[in-house]
Amino acid sequence: MPLPFLTADRAFDATDDVALPFDDHDQWRRPYRPGPWRVGAAALALLLASFVLVAAVIIAAAGTMAGAGVTFALAALIIASALRMLRVGTWVSRHGVRRVGFFSTTTVEWRQVGAVRTAQQPVRWLGLPRTVQGQALILVRQGGEQTTLLTDHSADFLSRVEAFDRAADTVEAWNAEYGVVTATR
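Described below are features of the structure shown in this document. It should be emphasised that the depicted structure is a prediction, and the values quoted were computed from it without experimental measurement. (Residues numbered from 1 in each chain as written. Predicted model: local features only at pLDDT ≥ 70, side-chain atom pairs only at ≥ 80, totals over all residues. Heavy atoms only, no water.)

Focus: helix H1 (residues 36-62)
Turning to step 1, where the next piece is worked out: End to end, H1 covers 39 Å across 27 residues, agreeing with the expected 39 Å (1.5 Å per residue, within 8%).
Turning to step 2, where the next piece is worked out: Among all positions in H1, only Arg-38, Ala-42, Ala-45, Ala-49, Val-52 and Ala-56 are buried.
Turning to step 3, where the next piece is worked out: If you follow the buried residues of H1, they end up packed against helix H2 (65-87).
Turning to step 4, where the next piece is worked out: The positive-phi residue at the C-terminal boundary of H1 is Gly-63, with phi of around 105°. (Helix = DSSP H or I, 4+ residues; strand = E, 2+ residues; numbered from the N terminus. Expected span 1.5 Å × (residues − 1). Buried < 20%, exposed > 50% of the residue type's maximum accessible area, 1.4 Å probe, protein only. Contact = heavy atoms within 4.5 Å.)

Some words on the sheet that holds strand E2 (residues 96-100)
Turning to step 1, where the next piece is worked out: Taken in spatial order, the 3 strands make up an open sheet running E1-E2-E3, and their pairing is antiparallel. If you trace the sheet from one side to the other, it starts and ends with strand E1 (89-93) and strand E3 (105-109), each paired once. Averaged over neighbouring strand pairs, the angle between their axes works out to 15° when direction is ignored.
Turning to step 2, where the next piece is worked out: Note that E1 and E2 share 5 bridges and pair antiparallel. Considered in E2, the bridge of Gly-89 is made with Val-100. (Pairing = 2+ DSSP bridges. Axes fitted to C-alpha atoms, helices over the stretch in contact; angles between N-to-C directions.)

Describing a nonpolar patch on the surface
Turning to step 1, where the next piece is worked out: A surface patch of nonpolar side chains, amounting to about 340 Å² of accessible area, comprises Leu-44, Leu-47 and Phe-51.
Turning to step 2, where the next piece is worked out: By secondary structure assignment, the location of Leu-44 is in helix H1. (Patch = residues over 30% accessible without salt bridge, like charges linked within 9 Å, V, L, I, M, F, W, Y side chains within 5 Å. Areas by Shrake-Rupley, 256 points an atom, 1.4 Å probe, with all protein chains shown as cover. Salt bridge = Lys/Arg side-chain N within 4 Å of Asp/Glu carboxyl O.)

Structure, rendered in structure tokens:
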């Protein structure tokens, strides 16, 4: 007995692209699901945080409040890092496209976007310094500056080529809907 509502990674249907009546395009949304590498790393970080919290309770029970405070602060830092790791990615709304990194966030309004295109180029493997040949979704601003939004070897799309293609198509569709229309003669 299949229970598709219980699975998070069910088959992609054409009806999934249809906007719901309550779908608010003013809210920032990620046009793809976080990948298994990103979710797994965050889960491991939260598991580590639980052990650090247990250690903090043990240290507090032993009577060393300064050590317990430092250990609680370390656990809070690990939890905040895990939550930020889940937030990293590309987000879109009617206002523009937002590239959320671990330490910084960059927002580009659609009127500043010249083009959004997919290109074959060397990309970083899981965000590490090692590069491999892959696909990247590139945002080109009106002034010519380029920003890489997505890669097929990131923590969201490693070994998920179809998911990368869908996400790239979705971001390109948002650009086509809300971006600047250039007249050609």
